[in-house]
Amino acid sequence: MQGDGFHVYDTTLRDGSQQEGLNLSVPDKLAIARHLDDLGVGFIEGGWPGANPKDTEFFRRARTELDLKHAQLAAFGATRRPGTKAADDPLVAALRDSGAPVVTLVAKSHDRHVELALRTTLEENLAMIRDTVSHLRAEGRRVFVDAEHFFDGFRANRAYALEVVLTAAEAGADVIALCDTNGGMLPDELAEVVHEVVGTGARVGIHCHDDSGCAVANTLAAVKAGATHVQGCANGYGERSGNANLFTVIGNLQLKRGMRLVSDEQLAEMTRIAHAISEVTNVAPSPQQPYVGVSAFAHKAGLHASAVKVDPDLYQHIDPAKVGNDMRMLVSSMAGRASVELKGRELGYDLSGERARKVVERVKELEAEGYTFEAADASFELLLKEELNGERTRHFDVESWRVIVERRPDGEVVSEATVKLHAKGERIVCTGEGNGPVNALDRALRTALERLFPELARMQLTDYKVRILDLGRRGTGAVTRVLQETSDGETSWSTVGVDQNVIAASWQAMEDAVTYGLLRAGYEPNAG
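Before going into details, it helps to say that this report is about the structure given with it. (Residues numbered from 1 in each chain as written. Predicted model: local features only at pLDDT ≥ 70, side-chain atom pairs only at ≥ 80, totals over all residues. Heavy atoms only, no water.)

1. A look at the overall build of the chain
Phase 1: Counting its regular elements, the chain contains 18 helices and 16 strands.
Phase 2: For the chain, the share of sequence-separated contacts (at least 6 apart) that also reach a separation of at least 24 residues comes to 68%.
Phase 3: When the accessible surface of the chain is summed, it comes to about 23,000 Å², and 47% of that surface belongs to carbon and sulfur atoms. (Helix = DSSP H or I, 4+ residues; strand = E, 2+ residues; numbered from the N terminus. Contact = heavy atoms within 4.5 Å. Areas by Shrake-Rupley, 256 points an atom, 1.4 Å probe, with all protein chains shown as cover.)

Listed below in structure tokens is the structure:
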């Protein structure tokens, strides 16, 4: 397990929160800290107390509201100001008063930054580091130092950059994290520098930004060169191109390098935790994110699927269950029989032999018309049922529907929909108003059916995408594809509709969504 021999240090709540469009409240930060603690990271950097009220409040509330079982909180701040004493600096006092057992100090290690940004001498910068570290150590705090712009500073003035490291270590800093602040380093260059710094005897950490797309690779190279402390952010959050993705770093070090950083049970929670943090931050998770993305173990090509059917390891670098993810088969025009058989097995259907061939042919026919099933699992499952049962799965029969869009004298635009359908032996006519034709149809359909199927009240449309497809037609005559995501509050499913008319395509996706939702709720189909 992770101990003091190796540190996993998360800086999502401070460095990660600098991402454009990401704004965390104090409750958000507390929730994310709990998720990170569940993963088993060693340190969680909570923010900069004293520099802004939100971070000060976070540390105040953390004392009573956070019950961390694995991680220690770290308070981030700067060395004392030039010409003062650390004991008299109010921002250093805020670090002391935060209650955090660990303090991480950012220190200038690039000579030009010292002279131009701090506007002080190189000697005074070293004194600031020495005084602040030794003061906090005397106050009982464990101290880490982030050597800002270290690699650029090393290129510009190697001797001074190394002197910063040695000064911090001699003053009592446990770790000096070398920061690729501009994110421009490449792994081989960075590893050479880290190896040289490790040779000084100081304990070295690594903090990488992803501006060159190498943050994770640089972190791994630093560990290979002797770094024993890694910093990163959940889901790769951070300003500009982000920071090293801590989930990818943990996955690579534990599963590829054999380093025991978290327990197997904690590692198996990584996908869930990654997505839970995405929900808190309200930043849509990247489906292609290594290890934890929904597409990380998704197979689409028929050749791949044939191999996966024989042995999943042929096209997967790890067992996805180790990080709490799943293998998925994407059904598309590229799919062969193996893809369909595996997808059917995933959904609980036996599609061996002739059944698989028929489904493959049907999928390819529909995709030629503009349908896509790789992003519409619910529609694909309904298609499977239709092919296997010889009839369309139905809980209701639609007689007709229509939508009227009216622009009123006051400029307001209102949509009104009417649906006529048959369900459980009844003919039902219902209307609904909405802020658009799709919304109006959705309300009319739900109102018509909720009395007979009360579970519909829990379902809601959570995402709606429209794409215009060429398929030989141009302009307003082109084919439209609609993808709809629906949720019952516990899980979600996706459906697809295709038509030259965008409302008709939307209705198809909506009808599939309701039908699939009723199947999930346990209603027997074809009873209308």
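Text resumes after the structure shown.
2. Some thoughts on the sheet that holds strand β3 (residues 72-78)
Phase 1: On the basis of which strands lie adjacent, the closed barrel formed by eight strands has the order β1-β2-β3-β4-β5-β6-β7-β8 and parallel pairing. Taken pair by pair, the neighbouring strands of this sheet meet at an average axis angle of 25°, ignoring direction.
Phase 2: Pairing geometry for strand β7 (residues 204-208) and strand β8 (residues 229-232), over two bridges, is parallel. Bridge assignment links isoleucine 206 to a residue of β8, and that residue is valine 230.
Phase 3: Along the sheet, helix α10 (residues 246-255) makes contact with β1 (7-10) and β8, crossing β1 at roughly 165°. (Pairing = 2+ DSSP bridges. Axes fitted to C-alpha atoms, helices over the stretch in contact; angles between N-to-C directions.)

3. Side note on the pattern of salt bridges
Phase 1: Overall, the coordinates contain 32 salt bridges when judged by the stated rule.
Phase 2: Among the ionic contacts, a cluster of salt bridges with common partners joins Glu57, Arg60, Arg61 and Glu65. (Salt bridge = Lys/Arg side-chain N within 4 Å of Asp/Glu carboxyl O.)

4. Considerations on helix α5 (residues 122-138)
Phase 1: With 17 residues, α5 should cover 24 Å at 1.5 Å per step; its first-to-last C-alpha distance of 25 Å lies within 8% of that length.
Phase 2: Taken residue by residue, α5 has Leu122, Glu124, Asn125, Leu126, Met128, Ile129, Thr132, Val133, His135 and Leu136 as its buried positions.
Phase 3: Looking at the packing, one finds that the buried side of α5 touches β3, α3 (90-97), β4 (102-108), α4 (111-118), β5 (142-148) and α7 (158-171). (Expected span 1.5 Å × (residues − 1). Buried < 20%, exposed > 50% of the residue type's maximum accessible area, 1.4 Å probe, protein only.)

5. Structural notes on the pairing of strand β11 (residues 397-407)
Each regular strand shows side chains that alternate between the opposite faces of the sheet.
Phase 1: Pairing geometry for β11 and strand β12 (residues 413-423), over 10 bridges, is antiparallel. Of the residues in β12, the one forming a bridge with arginine 402 is threonine 418.
Phase 2: Connecting β11 to the next strand, β12, in antiparallel fashion are five residues, including glycine 411 with a positive phi near 95°.

6. Points about the state of the cysteines
Phase 1: Tallied over the full model, the rule gives zero disulfides.
Phase 2: A disulfide-free cysteine, cysteine 208 has its sulfur positioned 8.6 Å from the sulfur of cysteine 179, the nearest such atom. (Disulfide = S-S within 2.5 Å.)

7. Concerning the nonpolar core
Phase 1: Within the largest apolar cluster, 88 residues are counted, with the highest numbers of intra-cluster contacts made by Val41, Phe150, Phe151, Ile176, Leu178, Val194 and Met270.
Phase 2: Judged by nonpolar contacts, the second largest core, of 29 residues, contains Leu382, Leu421, Val438 and Leu441. (Core = buried A, V, L, I, M, F, W, Y, C linked by side-chain atoms within 4.5 Å.)

8. With respect to the packing of helix α17 (residues 437-449) against helix α18 (residues 502-520)
Phase 1: Packing of α17 against α18 leaves a shortest axis separation of 10 Å and a crossing angle of 35°. As for the relative orientation of α17 and α18, their crossing is right-handed in sense. Contacts between α17 and α18 pair Pro437, Val438, Leu441, Asp442, Leu445 and Leu449 from the former with Ile503, Ser506, Trp507, Met510 and Val514 from the latter.
Phase 2: Classifying every residue of the contact of α17 with α18 by side-chain character gives nine nonpolar, one polar and one charged. (Left-handed = near helix turned anticlockwise from the far one by under 90°. Nonpolar A, V, L, I, M, F, W, Y, C, P; charged D, E, K, R; others polar.)

9. Comments concerning unusual backbone geometry
Phase 1: For arginine 240, which is not glycine, the phi dihedral falls at a positive 55°.
Phase 2: Position of arginine 240 relative to the elements: it lies in the loop between β8 and α10.
Phase 3: On the basis of relative accessibility, which here comes to 48%, the residue arginine 240 falls in the partly exposed class.
Phase 4: Even without glycine at this site, tyrosine 291 takes up a positive phi of about 70°.

10. Some thoughts on empty space enclosed by the protein
Phase 1: Using the criterion set out here, one finds one cavity of 30 Å³ or more in the structure.
Phase 2: Put simply, the largest cavity is a space of about 30 Å³.
Phase 3: If you trace the largest cavity, you find it lined by Asp442, Arg446, Met459, Gln484, Thr486, Met510, Ala513 and Val514.
Phase 4: Counting only elements with at least two residues in the lining of the largest cavity, the list comes to α17, β15 (479-487) and α18.
Phase 5: Sorting elements by how many residues they give to the lining of the largest cavity places α18 first, with three residues.
Phase 6: Looking at the lining of the largest cavity residue by residue, the class counts come to four nonpolar, two polar and two charged. (1 Å grid on protein atoms, 1.4 Å probe; cavity = no way out; pocket = protein on both sides within 12 Å on 5 of 7 lines; lining within 4 Å. Points joined across faces, edges and corners; volume = space filled by probe spheres on them.)

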